[in-house]
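One-letter residues, chain by chain:
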2 protein chains.
Amino acid sequence: MVEKLASIENAKTFLNDVGINPSYQRLRILDYLINNLCHPTVDMIYSELIREIPTLSKTTVYNTLNLFQKRGIILGLTIDESEVRYESNVVPHAHFKCERCGEIIDVHVCHPILTKGFVNNHKIHEGHLYLKGVCKDCINHDSNGGQK
Amino acid sequence: MVEKLASIENAKTFLNDVGINPSYQRLRILDYLINNLCHPTVDMIYSELIREIPTLSKTTVYNTLNLFQKRGIILGLTIDESEVRYESNVVPHAHFKCERCGEIIDVHVCHPILTKGFVNNHKIHEGHLYLKGVCKDCINHDSNGGQK
DNA sequence: TTCTCTGCAAACGCTTTGCACGGAT
DNA sequence: ATCCGTGCAAAGCGTTTGCAGAGAA
C-alpha cells in the first residue's frame, strides 16, 4: 500500500515535470506502465485498470497514451503489425518477440545506429530494432518434450 | 514492351519455383513489387494496377500479398503503425523513414543481429531495423531555405 | 465562469470473411 | 465434374472524432 502510494507520487512528479496535468486517470495509466514492463497493449491496460476504476473509458486510455507518446514519455512499439504495445522505458534498446508464446522481451544491444546520428547523410531521430524468433524458455520446453 | 514481357516472365518463373499458381493477378502484383522498390502500401499497388486491370479487386490484392508473405517471397514492413508496406527484397537490410517527406529508404547496415542466430539464448528468426528522421534531400531543401 | 478532462456513442477506415461466379484442368 | 482464384458485399475490429456533462481553478 505504502509502495503503491509512493509509486503514484512518482508518476505525479513525472507528469508535472513534462507539463502534463496529472489527472487521476493519467496518473494511473502512467503508473501502470511504469510497474508493468511487459509492453502492454491498449486493451491490457484498459482491462486491468477498469477493475479498479469502473468508470474508465477506453477512449481515455487512447487519448492518454497518445498524449504521453506525443510528449515523448512513452514509446509505442509496432513489432507486430496487428497491435501497438507501449512502454515507459524510453532508453534505446531492442525488442524481441517470441513467435511461440507471444511475449515481448527487452534486449540490450549496443549499436550506435539505435541512437541519434547520421546514416548515409540521413539524420536519425529514433531507431527500433525488432527481433522475432523463439525465446529461451520455449526452447527449453521443446527440449523437455513439452514439459514444464 | 519487350522488357515488360520479360519482367512478367521473370515473375512467372518466380511463382512456379515456390509452388504458387501464377494467375494473371498474382503475376502482375509480384511484377509490380519487383519493379517498384518504393515499399508500396496495399492501396498504392491497387491504385496503380486498377488502371490496367479494371476488374481488379482490393480483396485480391490483400489475398495475394498475404499469400506471398506467408510463402516468404515478400516482406511486410510496419515501420509506421498506421500502414503496412511491402517489398520483394527479402535480403536483410534496414529501413529509414523520413518524417518530413514520408519516403522509405533502404539502408544497408551490416549487423550480425539482423541475420539468424542467438541473442541472450533466444533464437532469432528475423530482424527488422527501423530508423526514422529526416532524409538528406529534405535536409538540403531546408538549408536552401525551402527551395528545390 | 472558464477551461480542461472524461466517457459515451457514433463514425471511420483498413482488413478479413462469406459466398457465388467463372475459368482452368 | 472438380478445383481454385477472383471479386463483390458485408462483417469485423481497433481507433478516432464529436459532443455533452463533470470537475478543477
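Residues numbered from 1 in each chain as written. Chains lettered and ligands numbered in written order. Predicted model: local features only at pLDDT ≥ 70, side-chain atom pairs only at ≥ 80, totals over all residues. Heavy atoms only, no water.

## What about helix 3 (residues 42-49) of chain A?
All names here are of chain A.
Here is step 1: Taken as a whole, helix 3 has its buried residues at V42, I45 and L49. Buried residues in helix 3, looked at end-on, bunch into an arc of 75°, giving them a common side.
Here is step 2: Turning to helix 3, the residues buried within the fold contact helix 2 (24-35), helix 4 (58-70) and strand 2 (83-87). (Buried < 20%, exposed > 50% of the residue type's maximum accessible area, 1.4 Å probe, protein only. Helix = DSSP H or I, 4+ residues; strand = E, 2+ residues; numbered from the N terminus. Arc of directions from axis to C-beta. Contact = heavy atoms within 4.5 Å.)

## Points about the nonpolar core
Here is step 1: In terms of nonpolar packing, the biggest core is built from 26 residues, with A:F96, A:L129, B:F96 and B:L129 touching the most fellow members.
Here is step 2: Of all the secondary structure elements, the ones that give two or more residues to this core are strand 3 (94-98) and strand 6 (122-134) of chain A together with strand 3 (94-98) and strand 6 (122-134) of chain B. (Core = buried A, V, L, I, M, F, W, Y, C linked by side-chain atoms within 4.5 Å.)

## So, the relation of the copies chain A and chain B
Here is step 1: Expressed as a screw transformation, the operator carrying chain A onto chain B has a rotation angle of 180° and an axial translation of 0.1 Å, and the superposed copies differ by an RMSD of 0.1 Å. The transformation relating the two chain copies, once decomposed into turn and shift, fits a two-fold axis. In terms of C-alpha distance to the rotation axis, chain A has A:L129 as its closest residue, with the C-alpha 2.2 Å off the axis. (Least-squares fit on C-alpha atoms with pLDDT ≥ 70 in both.)

## So, the domain arrangement of chain A
All names here are of chain A.
Here is step 1: Examined at the domain level, chain A breaks down into domain 1 (1-87) and domain 2 (91-148).
Here is step 2: Inter-centroid distance (C-alpha atoms) of domain 1 to domain 2 is 23 Å.
Here is step 3: Buried surface at the junction of domain 1 and domain 2, both sides included, amounts to about 880 Å², of which 60% is carbon and sulfur.
Here is step 4: Among the residues domain 1 hides against domain 2, the three largest losses belong to H39, L77 and I79. Together they make up 58% of the total.
Here is step 5: Taken together, the links from domain 1 to domain 2 amount to two salt bridges.
Here is step 6: The salt bridge involving E83 is made with K97; its shortest N-O contact spans 3.6 Å.
Here is step 7: Inspection of the region where domain 1 meets domain 2 yields seven residue pairs in polar contact (both at pLDDT 80 or more).
Here is step 8: By residue class, the composition of the side of domain 1 that touches domain 2 is two nonpolar, three polar and four charged. (Domains from an automatic or database assignment. Buried area = accessible area lost by both parts, 1.4 Å probe. Salt bridge = Lys/Arg side-chain N within 4 Å of Asp/Glu carboxyl O. Polar contact = N/O pair within 3.5 Å; in protein donor to acceptor, adjacent residues only side chain to side chain. Nonpolar A, V, L, I, M, F, W, Y, C, P; charged D, E, K, R; others polar.)

## Digging into the protein's contact with DNA strand C
Here is step 1: Near DNA strand C you find A:N21, A:S23, A:Q25, A:R26, A:T55, A:L56, A:S57, A:T59, A:T60, B:T59, B:Y62 and B:N66, and these make up its full shell.
Here is step 2: In DNA strand C, atoms within 4 Å of the protein come from the sugar-phosphate backbone in 76% of cases.
Here is step 3: A distance of 2.4 Å is found between a phosphate oxygen of DNA strand C and a side-chain nitrogen or oxygen belonging to A:S23.
Here is step 4: Within the contact set of DNA strand C, a sugar or linking oxygen lies 3.2 Å away from a side-chain nitrogen or oxygen of A:Q25.
Here is step 5: Counting residues per element, the ones that place at least two in the surface near DNA strand C are helix 2 and helix 4 of chain A together with helix 4 (58-70) of chain B.
Here is step 6: The element contributing the most residues to the surface near DNA strand C is helix 4 of chain B, with three residues.
Here is step 7: Taken together, the residues that form the surface near DNA strand C break down as two nonpolar, nine polar and one charged. (Near = heavy atom within 4 Å.)

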